[in-house]
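Take a look at the letters that make up each chain.
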Amino acid sequence: MYKVSNFLKAGVHFGHAISKFNPKMKPYILRKNKGIHIIDLYKTIKNLCLACNYLKKIATSGKVVLFVGTKRQAKNIIAYYAKKINMPYIKARWLGGLLTNFSTIQKSISKMKVIEKNKSLGLYNLISKKERLLISRVHSKLKKNLGTVSQLQVLPDCIIIVDINKEKPAVNEALKLGIPIVGIADTNSNPEKINFPIPGNDDNSKSINLILYYISNALEIGRDLYLKNKNKDYAKS
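Described below are features of the structure shown in this document. (Residues numbered from 1 in each chain as written. Predicted model: local features only at pLDDT ≥ 70, side-chain atom pairs only at ≥ 80, totals over all residues. Heavy atoms only, no water.)

1. A closer look at the overall build of the protein
Moving on, step 1. Within the protein, the regular secondary structure consists of 7 helices and 8 strands.
Moving on, step 2. Counting only C-alpha atoms and orienting by the principal axes, one finds that the protein spans roughly 70 × 50 × 30 Å.
Moving on, step 3. For the protein, with 237 residues in total, the buried portion stands at 45%.
Moving on, step 4. Considering only intrachain contacts with a sequence separation of at least 6, the fraction spanning at least 24 residues in the protein is 64%. (Helix = DSSP H or I, 4+ residues; strand = E, 2+ residues; numbered from the N terminus. Buried < 20%, exposed > 50% of the residue type's maximum accessible area, 1.4 Å probe, protein only. Contact = heavy atoms within 4.5 Å.)

As structure tokens, this is what we get:
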């Protein structure tokens, strides 16, 4: 299932320049080559396998996973795999307090949905053009910030992060609440903060895509088992 050759082709083994090295990534470094660190792919695969087993297990229980990746190389890949398995995702920017101030965020999501419902019912045709414009501006701002997490009804049971350095606000909030983190950890990262660090190149879209392919596949298998068991229980009742 996990072929080293596929990881080599995707460039998962290419780390950052030696000058950006985080010493805590030393256990995952194979060697240096032309000024950059080379990641040990056998350790990448080992950690990826552990992460996938964990994700499959929580998906089998029907739990929610939040995908986070706002950098240019990751955002479209994050969106693709999250949509594929019907999970929430963040690709634009992390909204401060999304987790630690979740109740307030939920109120904003409810407000956005109320506006959308009223609009679909044609209720805004009864108010002035100026009022409609103000409501439209509020809705646009809410949708920009909350659109991709509007389906997040409860706090996620796990967060999957591409580039744990860039997404520090998400990492910090998850750590504060004790929410497990699965994250791609490049050679400039601190893997000790992450429950399931996956050593790998977090700047290359091919590398990101390959890792998320395995992650989403594990979640999909778990989700299908959950739905299958749920249907069995429903049939028995």
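From this point, the discussion proceeds with the structure in view.
2. Thoughts on the pairing of strand E3 (residues 36-39)
Moving on, step 1. Bridging between strand E1 (residues 14-17) and E3 involves 2 bridges; their strand directions are antiparallel. Note on E3: the bridge partner recorded for Phe14 is Ile38.
Moving on, step 2. Bridge count between strand E2 (residues 29-33) and E3: 4 bridges; the pairing is antiparallel. Paired with Asn33 across the two strands is Ile36, which belongs to E3.
Moving on, step 3. Following E2, the chain reverses through 2 residues before pairing antiparallel with E3; Lys34 in that reversal takes a positive phi of roughly 50°. (Pairing = 2+ DSSP bridges.)

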